[in-house]
Amino acid sequence: MKYIYMDHAATTPVDPKVMAAMTEFFDKKYGNPGSIHKIGQEAKTALNDSRNKIAKFLGVKENEIIFTSGGTESDNIALKGIAFANNDKGKHIITSKIEHHAVLHPCEWLEKHGFSVTYLSVDKHGLVNPKDVDNAIRKDTILVSIMHANNEIGTIEPIEEISKICKRHGVYFHTDAVQTFGHIPIDIKNIDLLSVSAHKLYGPKGVGLLFVRDGVKIEPVLHGGGQENGMRSGTENIAGIVGFAKAVELAKDNIKSEMKRLTALRDKLIRGVLQIPDCWLNGHPEKRLPGNANFSFKYIEGESLVLYLDMNGIAASTGSACSTKSLKPSHVLSAIGLSHEEAHGSLRLALGRHNTDEDVDYVLKVLPGIVSNLRKMSPLGK
Ligand SMILES: Cc1ncc(COP(=O)(O)O)c(C=O)c1O
């Protein structure tokens, strides 16, 4: 049976060209870039070249890129690093209720350490209103952190407008661009800090970056050997960074065509799924990631749907209980106004580079039957 992967928002397969680029940095060019001998300097050259490629792609300076272990670490450095470097100016941070836990949990931790955080509500499509950001900024606000696009419902936030508001107020603006980097264009002009992860872009897991604009006052979170300009100590993950740069190179030339292709596939998928009775699309109808489709089905549970889809050769995900190892439904679906029951019946299909028209046809062929069978068994009614 063919296995169709439609969970690209969780992670992506490593591109074979990325794997090929990485291999020699495990067994041949395995040096530590901090060593002055030839093999160390080879690694240093690879590190510099990778940084150069990624900086060019983002349109930023090389020294503004800090390599990290991924999105979670980048978000942690951004929030804690800004908080501790600027607490003489103020202790107030603004974020939204639908951020990834890699932002929300550091915010909660900072609250325990004397900072105050405003968690902005979103509308029914998951959009943050820039006016709400404007109104929430106070004299003691030091940072606004709003994600570029949401990982569950795919809504793309108005970060250009929000970043301009922050600039006008002299408040740092951070965005978690883990779901968008290399997938849709990013206007970096008014952004002070930006988080990226390589494994959402056909690169390896365990590597990412934090962009920190020159002049931004920030403290490191990891202290040690002083790598990454003292901002992220620890021997650099050279193979991972080389793979990351290769993944960026591969994405670069195809962003526009891939956006177009995925948007068409996604819209076909959405049209087809919405033929099923008692279901709806979560997230914004147009301002959404090209590969993201998120639905709620009445009377059934998302995790049963995911298990039955898996048995039929389709990998998908849900924001409901079992998948997240908690009894609470997704905080994102709750924030857009879904009840517990509605949030529990959610399904995310996240399309990617290898998905085809036939894959979408197959999902549309099997999903209605699975939904109907689960509803027959459901204790939730219908
Ligand atoms: C929006 C967002 N932020 C942060 C992360 C965490 O990234 P990483 O897995 O690289 O730590 C993810 C991963 O799911 C994400 O989707």
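The text that follows walks through the structure, step by step, so that each part is easy to find. The shown structure was predicted, so the numbers you read here are calculated from the model rather than taken from an experiment. (Residues numbered from 1 in each chain as written. Predicted model: local features only at pLDDT ≥ 70, side-chain atom pairs only at ≥ 80, totals over all residues. Heavy atoms only, no water.)

Among the residues of helix α6 (residues 159–169), those classed as buried are Ile159, Ile162, Ser163, Ile165 and Cys166. All buried residues of α6 project into a common sector of 155° when viewed along the axis, lining one side. Facing away from the buried side of α6, by more than 90 degrees, are the exposed residues Lys164, Lys167 and Arg168. Turning to α6, the residues buried within the fold contact α5 (130–136), β5 (141–145) and β6 (172–176). (Buried < 20%, exposed > 50% of the residue type's maximum accessible area, 1.4 Å probe, protein only. Helix = DSSP H or I, 4+ residues; strand = E, 2+ residues; numbered from the N terminus. Arc of directions from axis to C-beta. Contact = heavy atoms within 4.5 Å.)

Right, let's talk about the nonpolar core for a bit. Core analysis: the biggest nonpolar cluster contains 57 residues, and Ile54, Leu58, Val144, Phe181, Leu194, Leu209 and Phe244 have the highest contact counts within it. Tallying contributions element by element places helix α7 (residues 238–252) first for this core, with 10 residues. Domain assignment of the residues forming this core places at least three in each of domain 1 (16–252) and domain 2 (254–377). Sequence-distant contacts of Leu194, defined by excluding residues within four places in its chain, comprise Leu58, His174, Thr175, Ala177, Ile186, Ile188, Leu209, Leu210 and Phe211. Within the second largest apolar cluster, 28 residues are counted, among which are Ala293, Val306, Leu309 and Ile314. (Core = buried A, V, L, I, M, F, W, Y, C linked by side-chain atoms within 4.5 Å. Domains from an automatic or database assignment.)

Moving on, we come to the site of the ligand. Taken together, 13 residues are adjacent to the ligand, and Gly71, Thr72, Asp176, Ser197 and Lys200 come closest. At a separation of 2.6 Å, an oxygen atom of the ligand approaches a polar side-chain atom of Thr72. Take Asp176: an N or O atom from its side chain is 2.6 Å from a nitrogen atom of the ligand. Notes on the ligand: free accessible area 390 Å², of which the protein chains cover 85%. With three residues, helix α3 (residues 71–85) is the largest single contributor of residues to the shell around the ligand. (Near = heavy atom within 4 Å. Polar contact = N/O pair within 3.5 Å; in protein donor to acceptor, adjacent residues only side chain to side chain. Areas by Shrake-Rupley, 256 points an atom, 1.4 Å probe, with all protein chains shown as cover.)

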